[in-house]
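So you can see what is in the structure, the chains are spelled out below.
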Amino acid sequence: MSKDKPSSTKFACRKCKYILGEDDTKCPICGGTDLTEEWSGLVVILDPSSSVAEMMGAKKPGRYAIKVR
Ligand SMILES: [Zn+2]
């Protein structure tokens, strides 16, 4: 196992704003690889049927960025 980036670096998917885990190299939600470190704000979605999840467009529980550049 090799890590070529700091563990504190987290990427967010530009499409669905999902914040990837440390070892993820692509988005587990949409399978996209259009990732960015330039994101801000964080929402934790526990219930995908909640109004917050609906507002964020979140379809799965997880952490989502509020703003993605
Ligand atoms: Zn995605």
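Naming follows an unreviewed UniProt entry, where the protein appears as Transcription elongation factor Spt4 of Thermoproteota archaeon. Taken from UniProt, the Subunit (unreviewed entry) comment for the protein reads in full: "Heterodimer composed of Spt4 and Spt5." Within the UniProt record for the protein, the comment given under Sequence similarities (unreviewed entry) is "Belongs to the archaeal Spt4 family."

Peer 1: What am I meant to see in the coordination of the zinc ion here?
Peer 2: Put simply, the ideal angle at a metal is 109.5 degrees for four donors in tetrahedral geometry and 90 or 180 degrees for six donors in octahedral geometry. The zinc ion binds to the protein through Cys 13 (SG), Cys 16 (SG), Cys 27 (SG) and Cys 30 (SG); the donor distances cover 2.2 to 2.3 Å. Between the four donor atoms coordinating the zinc ion, the angles at the centre fall across 101 to 125 degrees, so the site counts as tetrahedral. One chain supplies every donor to the zinc ion, and in sequence these donors are spaced C-x2-C-x10-C-x2-C. Residue Cys 13 is found in strand E1 (residues 12-13), and its partner Cys 27 is found in the loop between E1 and strand E2 (35-36); the two are separated by 14 residues along the sequence. Like Cys 13, the residue Cys 27 is buried in the burial classification.

Peer 1: Whenever I open this one, unusual backbone geometry confuses me. Can you help?
Peer 2: Residues other than glycine predominantly adopt negative phi, and peptide bonds predominantly adopt the trans conformation. Of note, the phi angle at Lys 17 is positive, near 70 degrees, even though the residue is not glycine. The residue Lys 17 is located in the loop between E1 and E2 in this model. With a relative accessible area of 28%, Lys 17 lands in the partly exposed category.

Peer 1: How should I be thinking about the UniProt feature "binding site: Zn(2+)" (unreviewed entry) in the protein in this particular structure?
Peer 2: Feature annotation in UniProt assigns "binding site: Zn(2+)" (unreviewed entry) to the following positions: Cys 13, Cys 16, Cys 27 and Cys 30. A stretch of 18 residues holds the annotated residues, and the largest C-alpha distance among them is 8.7 Å, short enough that they meet in one place. Assignment of secondary structure puts Cys 16 in the loop between E1 and E2. In this structure Cys 16 comes out as buried when scored by relative accessible area, which is 15%. The residues contacting Cys 16, other than those within four sequence positions of it, are Cys 27, Ile 29, Cys 30 and Tyr 64. Judged by relative accessible area, which is 1%, Cys 27 ranks as buried. Setting aside its immediate chain neighbours within four residues, Cys 27 contacts Cys 13, Cys 16, Tyr 18, Leu 20, Gly 32 and Leu 35.

Reading the values: the criteria
Residues numbered from 1 in each chain as written. Predicted model: local features only at pLDDT ≥ 70, side-chain atom pairs only at ≥ 80, totals over all residues. Heavy atoms only, no water. UniProt positions renumbered as here; feature names shortened; annotations may be inferred. Donors = N, O, S within 2.8 Å, 3.2 Å for Na, K, Ca; no water. Tetrahedral: all angles 85-135°; square planar, octahedral: opposite > 155°, others 65-115°. Helix = DSSP H or I, 4+ residues; strand = E, 2+ residues; numbered from the N terminus. Buried < 20%, exposed > 50% of the residue type's maximum accessible area, 1.4 Å probe, protein only. Contact = heavy atoms within 4.5 Å.

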